[in-house]
Amino acid sequence: MRRRRLAPALLSAAVILGAGVVAAPSASADTNPWLEQRVLNMAHSGGEDEAPMNTMYAFKRAVDLGSDMLELDVQSTKDGELVVIHNATVDETTNGTGRVVDKTLEEVQALDAAYWFVPGRSAVHGLDPTAYPLRGARHHRPKVEGFKNKDFRVPTLREVLREFPTTPINIEIKGTSDADTASYIRTGTLLASLLNKAGRTDIIVGSFNDAALADFHAKAPQIPMSAAMNAMISYFLAGVKPPAGTVAFQVPVTYAGIPVATRAFVDRAHRDGYAVHVWFSGSAPDDAATYNTIIDTCADGIMPAKPTLLESILDERGIERPGQPGVDPCAAA
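Residues numbered from 1 in each chain as written. Predicted model: local features only at pLDDT ≥ 70, side-chain atom pairs only at ≥ 80, totals over all residues. Heavy atoms only, no water.

Focus on the pairing of strand β2 (residues 69-76)
To keep it simple, the criterion reads: Summary of the burial criterion: residues with accessible area below 20% of their type's maximum are buried, those above 50% are exposed, and those between are partly exposed, where the area comes from a 1.4 Å probe applied to protein chains only. Here a helix means four or more residues in a row that DSSP labels H or I, a strand means two or more in a row labelled E, and each is numbered from the N terminus. Paired strands are those between which DSSP finds at least two bridges. For a crossover, the right-handed case is the one in which the path from the first strand over the helix to the second runs clockwise, viewed with the strands pointing away from the viewer.
Summarising burial for β2: eight of the eight residues are buried, a large majority. Judged by which residues are buried, β2 turns out to be covered on both faces: Met69, Glu71, Asp73 and Gln75 on one side and Leu70, Leu72, Val74 and Ser76 on the other are all buried. With three bridges joining them, strand β1 (residues 40-44) and β2 adopt parallel strand pairing. The partner of histidine 44 across the bridge, within β2, is glutamate 71. In this region the chain leaves β1, passes through helix α2 (residues 56-65) and returns to the parallel neighbour β2; the handedness of that crossover is right-handed. For β2 and strand β6 (residues 169-173), the ladder comprises five bridges, and the chain directions are parallel. Across the sheet, residue leucine 70 finds its bridge partner in β6, namely isoleucine 169.

Below you can see the structure in the form of structure tokens.
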């Protein structure tokens, strides 16, 4: 997830209500398996500061270095295919221009998804050509040892699911704009159809659009979800129980200076039976100090732009991981 504008009510009400420390309804904590999947290194877009975001190259690299889960975004093409790309347009990350929804899959996949990648900075335009070491890898110029040229294109979600059959995946439903709910629902409908056929439940689906997520749940009720925008705000401010199918709150570190991912919030969510996953994307620095702070909140998952850095911190501290015993951050004072 990338930073988004939250409802203005969040700013004023969070101050008035003490950042939402309101009594919440009870939930069945013992029935949510995602509370046992911790502490997750959830490579955000595959780790966009370390590799071209949302590419197969990034995903393969993240899994190889030890990431427990992949976080990615899906948009839908003109011919009804689900492609893994964050923005509604191809402009930010590729050498193309225009909206994804106006292009065929063939047109989208012809583009170079590493074109604007700058190590340590994600996608940055306008620098000297030497700043882009993977530009052209889509067409084997340069050739990256151990990877195929198609690893640097915009992948389909179907390709990602096939490549990582046992790696949990966090999928965000995207659309053309915040106001175009129909575009979110279109993408969500295609996603529900694909996941119903795939038979996988080691997946969490989220979206900032509440209506699209509700529609997705109606079509694929077996797939776990994270709370959408309004549901997350309602829980944060007043402890309102999120919709059925919700297993996690995926929240920013801070918003407009207001701490969101705090130990108090995580403790409350855990009591109510929900996991907490934390994203950065402009809400806080992707650095060692912030990663350590979030680990200490007892969050169940962290979505880093720098998965290698997070992995080294988790290893150095001996933090528990899915299926691996270790230090429990929840035990800290």
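What about the packing of helix α9 (residues 288-296) against helix α10 (residues 307-317)?
This is how it is decided: The angle between two axes is taken between their N-to-C directions and runs from 0 to 180 degrees, where each axis is a line fitted to C-alpha atoms and a helix contributes only its stretch in contact. Throughout, the term roughly parallel applies to angles under 35 degrees, roughly antiparallel to angles over 145, roughly perpendicular to angles from 65 to 115, and oblique to all others. We call a crossing left-handed when the near helix sits turned anticlockwise from the far one by less than a right angle, and right-handed when that turn is clockwise. For this analysis, residues touch if any pair of their heavy atoms sits within 4.5 Å. Think of it as three bins: nonpolar holds Ala, Val, Leu, Ile, Met, Phe, Trp, Tyr, Cys and Pro, charged holds Asp, Glu, Lys and Arg, and polar takes everything else, Gly as well.
Two elements in contact, α9 and α10, have axes separated by 10 Å at closest approach and are oriented at 55°. When the interaxial angle is binned, α9 and α10 end up oblique. Crossing of α9 against α10: the hand is right-handed. Across the interface between the two elements, Ala288, Tyr291, Asn292, Ile295 and Asp296 of α9 pack against Leu309, Leu310, Ile313, Leu314 and Arg317 of α10. Taken together, the residues of the contact of α9 with α10 sort by class into seven nonpolar, one polar and two charged.

Observations regarding unusual backbone geometry
With an omega of 0°, the peptide bond between arginine 38 and valine 39 qualifies as cis. Inspection of the secondary structure assignment puts valine 39 in the loop between α1 (8-16) and β1. Positive phi values are uncommon outside glycine, yet serine 122 reaches one of about 65°. With respect to the helices and strands, the residue serine 122 is situated in strand β5 (residues 122-123). On the basis of relative accessibility, which here comes to 10%, the residue serine 122 falls in the buried class. Even without a glycine there, the phi angle at cysteine 298 is positive, about 80°. Examined against the element boundaries, cysteine 298 turns out to sit in the loop between α9 and β13 (301-303).

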